[in-house]
Amino acid sequence: MAEGGFPPGFLWGAATAAYQIEGAVDEGGRGESIWDRFSHTPGKTRDGDTGDVACDHYHRYRDDVRIMRELGLAAYRFSVAWPRIFPEGRGRPNPDGVAFYERLLDELEKAGIQPVVTLYHWDLPQALQDRGGWPHRDTAYRFADYAAWMFERLGDRVPYWITHNEPFVVSILGHVTGEHAPGLNDPAAGFRTAHHLLLSHGLAVQAFREGGRRKGRIGITLNLSPVHPASGSPEDEAAARRVDGLINRWFLDPLFRGAYPEDMVEHFGRLIPLPEASEDDMRLISQDVDFLGVNYYSRQVVRHDPGELFLQMRQIDGPGPKTEMGWEVYPAGLGEILRRLHEAYTKAPLFVTENGAAYPDTVSPDGAVHDPDRIAYLRDHLLELSRVIAGGVPVQGYFLWSLMDNFEWAHGYSKRFGILYVDYPTQRRIWKDSAYWYRRVIEANAVVE
Ligand SMILES: N=[N+]=NCCCCNC(=O)[C@@H]1[C@H]2[C@H](O)[C@@H](O)[C@H](O)[C@@H](CO)[C@@H]12
């Protein structure tokens, strides 16, 4: 392949998530989620922003799919809101809830766009949170019931299923730092959450396999980052290894090696009561997946800091340019993480299930949205991806985060990741320069200027 080229059939997509774009939180029988409760809790999100309306995708999905077709997307990654399917998280399914997703699948099918469905992208039914949430083992079995019901109902129409999106973020930001729903500061709960998310993934994979004739493929999506030491000192190297041990290896090792990383069990075991990891659990967790989804944004640079309780480390800024999130633009990190996965963890196909950047986009007087920084970010990461694939790593698709500006969790609507600008007061979608550029990349199946 020429420099910047991609293999024939490479799956070009874009990604979103239910709570970030749908809105209509009280329509169609949807139950409350932990993000409804969290975002309506004063002080938790910027300016008190909530997902009540978001991008109103629940009502505008037909127009949004039309734009996806005009972009030339081959696939679209979205998540199903569990509280639309099971408003109480369990028990009787809600027919209006699944009907929305069936309508969305109809539109995607008409547009020739493959659906990639994430079953859990952070919006746990509040009723399950009230019964203990992810720190409570029973929640893993409720997720498996929800997943099994979805496989039965939509299994013939969905070629790619993703059980979870970023268990690290759900565990740590939701239950340790408290930046995300449900906003806990309880490390022991964080590690129980991580185990139960992985267990629920395993139970869902088992249900998927037992469903027999399954056309689709199933996997999981992890946020993975290379972790570099700020200096070559042994202390900084060790700090980097510890951070790598939490962000990357705490999830990769159970999934692909059937055990939590020994060095980190030792490290955290001294500080926190860790959940029991039975052989049965680890066998379920480490069943083969058909693919691994990787969300890549940036690398981490860390130095030793004996005063920090959890990992004795301090994250520092890398030298590169920063996006609006303060994340360093570091395209080489995408190649580093993908090559490491293929060499050290799995020969399964990989997908970049999220990659993108937030910048302070504005609508120019000419009505256009000029976002050269985002085009540069995407171009550099796609050039790196092309090199990785040319080197033999089986990456089969790329999903840009995000199709449209949306509710950026605790940052509310202040951060714009979309290649479509959303003018929230009117809900107009405005193509940014990066949308026109991405359409040309897809047409060429190669990076273009
Ligand atoms: N150590 N550490 N730090 C935490 C690293 C968190 C990185 N954030 C993500 O990966 C989230 C992912 C999410 O799927 C999507 O729903 C979010 O909108 C994007 C953009 O934020 C990304």
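Computed from a prediction, not measured in an experiment: that's the story for all the values here. (Residues numbered from 1 in each chain as written. Predicted model: local features only at pLDDT ≥ 70, side-chain atom pairs only at ≥ 80, totals over all residues. Heavy atoms only, no water.)

What follows covers the overall build of the chain. The helix and strand tally for the chain stands at 15 helices and 13 strands. Taken against the 2.2 N^0.38 rule, which gives 22 Å for 449 residues, the C-alpha radius of gyration of the chain at 21 Å falls within 12% of a compact globule. Projected onto the principal axes, the alpha-carbon positions of the chain cover approximately 60 × 55 × 45 Å. Evaluated residue by residue, the chain yields a buried proportion of 63% over its 449 residues. A fraction of 75% describes how many contacts in the chain between residues 6 or more apart in sequence connect residues 24 or more apart. A total accessible area of about 16500 Å² is found for the chain, and carbon and sulfur atoms account for 49% of it. A gap of 3 Å separates the mean positions of the 48 positive and 63 negative side-chain charges of the chain. (Helix = DSSP H or I, 4+ residues; strand = E, 2+ residues; numbered from the N terminus. Rg over C-alpha atoms; globule rule 2.2 N^0.38 Å. Buried < 20%, exposed > 50% of the residue type's maximum accessible area, 1.4 Å probe, protein only. Contact = heavy atoms within 4.5 Å. Areas by Shrake-Rupley, 256 points an atom, 1.4 Å probe, with all protein chains shown as cover. Lys, Arg positive; Asp, Glu negative; His and termini not counted. Charge placed at Lys NZ, Arg CZ, Asp CG, Glu CD.)

With that settled, the discussion passes to the pattern of salt bridges. Evaluation of the coordinates by the stated rule reveals 36 salt bridges. R157 is the partner of E109 in a salt bridge, and the nearest nitrogen-oxygen pair spans 2.9 Å. Here the residue E109 occupies a position in helix α5 (residues 95-110), and R157 occupies one in the loop between α7 (138-154) and β4 (160-165), the gap between them amounting to 48 residues. As a salt-bridge pair, E384 and R387 come within 3.2 Å of each other at their nearest N and O atoms. Residue E384 and its partner R387 are both found in helix α14 (residues 372-390); the two are separated by three residues, about one turn of the helix. Three or more residues are tied together by salt bridges with common partners; here these are D361, D371, R374, D405, R416 and K432. (Salt bridge = Lys/Arg side-chain N within 4 Å of Asp/Glu carboxyl O.)

Our focus in this paragraph is the side chain of H121. Locating H121 in the fold gives a position in the loop between β3 (114-120) and α6 (126-129). For H121, a relative accessible area of 2% puts it in the buried group. Within the local environment of H121, its side chain forms a polar contact with the side chain of N165, the two groups lying 3.1 Å apart. Setting aside chain neighbours within four positions, we find H121 in contact with T16, A17, Q20, R77, S79, N165, E354, W401 and W409. (Polar contact = N/O pair within 3.5 Å; in protein donor to acceptor, adjacent residues only side chain to side chain.)

So, on to the site of the ligand. Neighbouring the ligand are 18 residues; Q20, H121, E166, E354 and E408 lie closest to it. At 2.7 Å, a side-chain N or O of E408 approaches an oxygen atom of the ligand. Considering the ligand on its own, with 510 Å² of exposed area, one finds that the protein chains cover 87% of that surface. Using a 2 Å cut-off from the grid points, one finds that the ligand occupies the largest pocket. Of the residues belonging to the shell around the ligand, the class tally is nine nonpolar, six polar and three charged. (Near = heavy atom within 4 Å. 1 Å grid on protein atoms, 1.4 Å probe; cavity = no way out; pocket = protein on both sides within 12 Å on 5 of 7 lines; lining within 4 Å. Sits in = over half its atoms within 2 Å of the grid points. Nonpolar A, V, L, I, M, F, W, Y, C, P; charged D, E, K, R; others polar.)

Attention shifts here to the environment of L271. Structurally, L271 is set in the loop between α11 (262-269) and α12 (279-285). Judged by relative accessible area, L271 falls into the partly exposed class, the value being 40%. Residues L271 and A188, 83 residues apart in the sequence, show an inter-C-alpha distance of 9.3 Å. Every residue in contact with L271, bar those within four places of it in the chain, is listed here: L309 and F310.

You can see K347 is positioned in the loop between α13 (332-344) and β10 (350-355). Take K347: its relative accessible area is 56%, and that puts it in the exposed class. Those residues within four positions of K347 in sequence are excluded, and the remaining contacts are H342 and P394.

Before going further, it helps to spend a moment on the UniProt feature "active site" (unreviewed entry) in the chain. Cross-referencing UniProt, the feature "active site" (unreviewed entry) maps to E354 in the present numbering. When you line up the elements, E354 lands in strand β10. On the accessibility criterion, E354 (4% relative accessible area) is buried. Within the local environment of E354, its side chain forms a polar contact with the side chain of R77, the two groups lying 2.9 Å apart. (UniProt positions renumbered as here; feature names shortened; annotations may be inferred.)

What follows is about the sheet that holds strand β11 (residues 395-401). If you walk around this closed barrel you meet the eight strands as β1-β2-β3-β4-β5-β7-β10-β11, and the pairing is parallel. Taking the axes of each pair of neighbouring strands and ignoring which way they run, one obtains an average angle of 25° across the sheet. Note: strand β1 (residues 11-15) against β11, five bridges, orientation parallel. Residue pairing in the sheet places A15 in a bridge with W401 of β11. Helix α9 (residues 187-210) contacts β4 and β5 (217-223) of the sheet and is inclined by roughly 165° relative to β5. (Pairing = 2+ DSSP bridges. Axes fitted to C-alpha atoms, helices over the stretch in contact; angles between N-to-C directions.)

This next bit is on the confidence of the model for the chain. Confidence in the prediction of the chain, expressed as mean pLDDT, is 98, and 100% of residues score 70 or more. Predicted complex, confidence summary: ipTM 0.95, pTM 0.98. (pLDDT = per-residue confidence, 0-100.)

As a further point, take the pairing of β3. Of all seven residues making up β3, six are buried, and the element is well covered by its neighbours. With five bridges connecting them, strand β2 (residues 75-79) and β3 associate as parallel partners. For S79, the partnering residue across the bridge sits in β3 and is T118. Pairing geometry for β3 and β4, over four bridges, is parallel. Within the sheet, the bridge partner assigned to T118 lies in β4 and is I162.

Let us now look at unusual backbone geometry. Here the bond from A181 into P182 is cis, since omega is 5°, no more than 30 degrees from zero. Looking at the secondary structure, you find P182 in the loop between α8 (167-175) and α9. Look at the link from W401 to S402: it is a cis peptide, with omega at 10°. Topologically, S402 is positioned in the loop between β11 and β12 (420-423). Positive phi, close to 50°, is recorded for A24, a residue that is not glycine. Within the fold, A24 resides in the loop between α1 (18-21) and α2 (34-39). Of note, E166 is a non-glycine position whose phi angle comes to about 60°, a positive value. Looking at E166, the relative accessible area reads 8%, which means it is buried.

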